[in-house]
Each structure stands twice: as C-alpha cells, then as structure tokens.
Amino acid sequence: MNNPQIILIACNLLLGLAAGFIMHRSDFCIAGMFRDLFLFRSTTMLKNLLLLILTSMILFEVARRSGLLFIFPFPLLGSASVTNLLGGCLFGIGMVLAGGCVVGTLYKFGAGSVTSAFTLLGLILGSFLYSEFHPWWAGLAKQTTIFSGRVTIPQILDVDPGVIVLIFAFVGAAWLVKEVRKSGLSRPAMIDNYLQPWKASLLLSVIGLLSFAAVGMPLGITTAYAKLGAFVVNSLGPEHVAKLGYFAGQPLNYNIPHLNLALRGGAGAQLDGIALVQFPLIGGIILGAFFSAMAAREFHLHFHVPARQYVSALCGGLIMGLAARMAPACNVWHLLGGLPILGAQSILFLVGLLPGAWLGTLVLTKTVLSR
C-alpha cells in the first residue's frame, strides 16, 4: 500500500468518525425524519434536513466556483431514469421498516443496537441479491433514461449552475426562516451533551464538502455492502460470483490529482478504489458513534426487543440493500450529495422516497407496532 492510498484511507476514516459522532450525538436519523412525518405529522427533523441540503448546496457551488472541486458532477452520478424513482420508493419502504437508513443503521449499531446488526445483515444480503437480476434492471434503466449525458438540472437547462442554485437556495431559505419563526428547529435533549439537529446539519454539510473536495465524491457507502456480499459468497462458491456480470463492472474510474492517485473499482470481491473509500468510512461511522455513546454513557446492547422487530429490521435491510443498487445509491448519497448539485437522479429518488416512506410507515404500524 502506497502513501496516497494511506492518506485516502485516513481521510475517509476521519470523515466517518466525525459523521458517526455527530449523527449519534444528535440522533440524526433520516429514516426517522420521514417516519415521523407520516406517523406523528412532525416536520421538525425534516426542516433540519432541508437546512443541511441548502447549506450543502451553497457550499458546493462556492467550492466549485473557487476551483476546490476537481471533478463536477461527481462520479457514479448519472443521467436520470425511471429506475431512480422506483428504487427510491422501494428504499423508502425499507428504511422505515429497518428503523434506520444505511448510515443511521451504522451509527445505531456503533451505539449498541442489536436490531441494527440484523439490518446490516439484510443490507448485505439484499445488495448481493440484486446482482442476480442486474442485467435485466440495467437494461430497464437504459431504456427509460431521460436527458442522456446530462446529469444535473443546470446541464439539462444549459444554464450556469449558480443561477439555479441561487433560486433554490433563496426560495428554500425563505420558507425555512418562516418555519423556524413558527416552531423552531430545536428538539428536547435526548442524551447528555445532546447536539441540536440544526448544529448537526451545519457540521454535516461541512463534512460533505470536505469529502467532495478531498475525495471527489460526497459520503456514500452502499456499494461496499454489495462488495461484502461478494466476498462472503466468493469464499463459499467463487464460480457463482464469476458468472454474475454485476461484479465484473468497474463503474468507479477517475483520478485524485492532489494525491496523484487513480481510483478504479466496483462491487466485485477485490480490494480496489471502492474499498479504499467506503470501508474506512463505514468503520469510522461505527467507531464515531461508539465513542460518542461511551462518552455520554449511552452504550447499551439492546437484546430485549420483540422478535417481530428483529424480523422487520432484517427485511427492511434486505429491501434497502436491493433498492440501493436499483436506485442506484442510498438516501445519504442522493439527499446530501446529489440534491445539493441538483442531480436529476437524486430528484427522482426523492420523489419516489416520499410515497415509499409513507407505505413503509403503513406496513410498520399494521404489522410491527400494532401488537
């Protein structure tokens, strides 16, 4: 392993540590935000999510204009397709049933949640399962692609991104200020030294910017789940993994100029660019939440929950794992990375996520919470 690779690993580990600590200390769960909207009609946390998106939007655009972003739009974000909508809907169902999204699951696992371990298992299973029908789904995505070759709304409209960002930021900020005056952004303290979500939103937007500027991408981890599934199945039956075309693909392909490092990789069972970026990030989020929980004396292994919650966590994780490959990518990638640059894929993902979260809440209340 050379020095640029070590620096990249250290960078993503530190970003993960910070994100995990902040998310745990503020209970910044995106799945919970959408669940609370439909279950309790509460929008407090969604307002904080909007604050995070708007802040990231402004920071990303300022960084782009300042020349701090060496690649724009970032890799792995492509042209929009109907499959983004369908994947987003399925993801919304899964994250509500699981009780956490792909990142929320990690920080809750780091803080001692045993049900989150079941969700992680489901994520790995679902991510691998997708590989079995990838050729068909990839064909559907290609057939339903719109505005081929254009990734963001500014590219589609052929206008300066700053103009569109300014409009969205102004309208969003005006609405947010109105809502803050009405009901605020703060929540009652959940743990000792509780970090208010609005503060977490600002800090997470800075972490997203640092990731974009240093690594070339915002936070994202879901390809690593497919990779973990490939490693497990490859150890049991390598001939089957070799037959699956999904694991032969190398969609990540770009250079980090300030590290003089070429990143290549995919979901296959090898230590490549995806592993260098996402494995340290996953480990950092778990460790960051663990350190936060230990410091706040909130680390507990929660075993005594109804069996149906374990089943719900496993099924929700499996659905999310599938959906994250079908969308492609997860809510953190799209909401905190794609939306701030007005990625068309991410907008469709959000449009699908909303009814999916509503359906997931309906299933949750009828099956898991009704007894």
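Preceding block: the structure.
Here is what the cut-offs are and how they apply
- Residues numbered from 1 in each chain as written.
- Predicted model: local features only at pLDDT ≥ 70, side-chain atom pairs only at ≥ 80, totals over all residues.
- Heavy atoms only, no water.
- Buried < 20%, exposed > 50% of the residue type's maximum accessible area, 1.4 Å probe, protein only.
- Helix = DSSP H or I, 4+ residues; strand = E, 2+ residues; numbered from the N terminus.
- Pairing = 2+ DSSP bridges.
- Core = buried A, V, L, I, M, F, W, Y, C linked by side-chain atoms within 4.5 Å.
- Contact = heavy atoms within 4.5 Å.

> How should I be thinking about the pairing of strand β2 (residues 261-265) in this particular structure?
The side chains of a regular strand alternate between both faces of the sheet. The two faces of β2 differ: Leu-261, Leu-263 and Gly-265 on one face are buried, but Ala-262 and Arg-264 on the other face are not. For strand β1 (residues 252-256) and β2, the ladder comprises 5 bridges, and the chain directions are antiparallel. Along β2, the bridge assignment pairs Asn-255 with Ala-262. Remark: 4 residues form the turn of the hairpin made by β1 and β2, two consecutive strands paired antiparallel; Asn-260 in that turn has positive phi of roughly 50°.

> Is there a simple way to explain the nonpolar core in this structure?
Core analysis: the largest hydrophobic core is formed by 78 residues, its most contacted members being Leu-8, Phe-34, Leu-49, Phe-91, Met-95, Val-102 and Leu-263. Discounting residues that sit within four places of it in the chain, Val-102 has contacts with Phe-91, Leu-123, Ile-221, Thr-222, Tyr-225, Met-320, Cys-330 and Asn-331. Residues Phe-128, Ala-230, Leu-244 and Leu-322 belong to the second largest nonpolar core, which totals 12 residues.

> Explain the environment of Val-82 to me, please; I cannot follow it from the model alone.
By the secondary structure assignment, Val-82 is in helix α4 (residues 82-98). Classification of Val-82 as partly exposed rests on a relative accessible area of 40%. Between the alpha carbons of Val-82 and Gly-237 there is a distance of 34 Å; along the sequence they are 155 residues apart.

> Can you walk me through the side chain of Ser-56 in this structure?
Position of Ser-56 relative to the elements: it lies in helix α3 (residues 44-66). In this structure Ser-56 comes out as buried when scored by relative accessible area, which is 2%. Ignoring sequence-local partners within four residues, the contact set of Ser-56 consists of Ser-205, Leu-336 and Pro-340.

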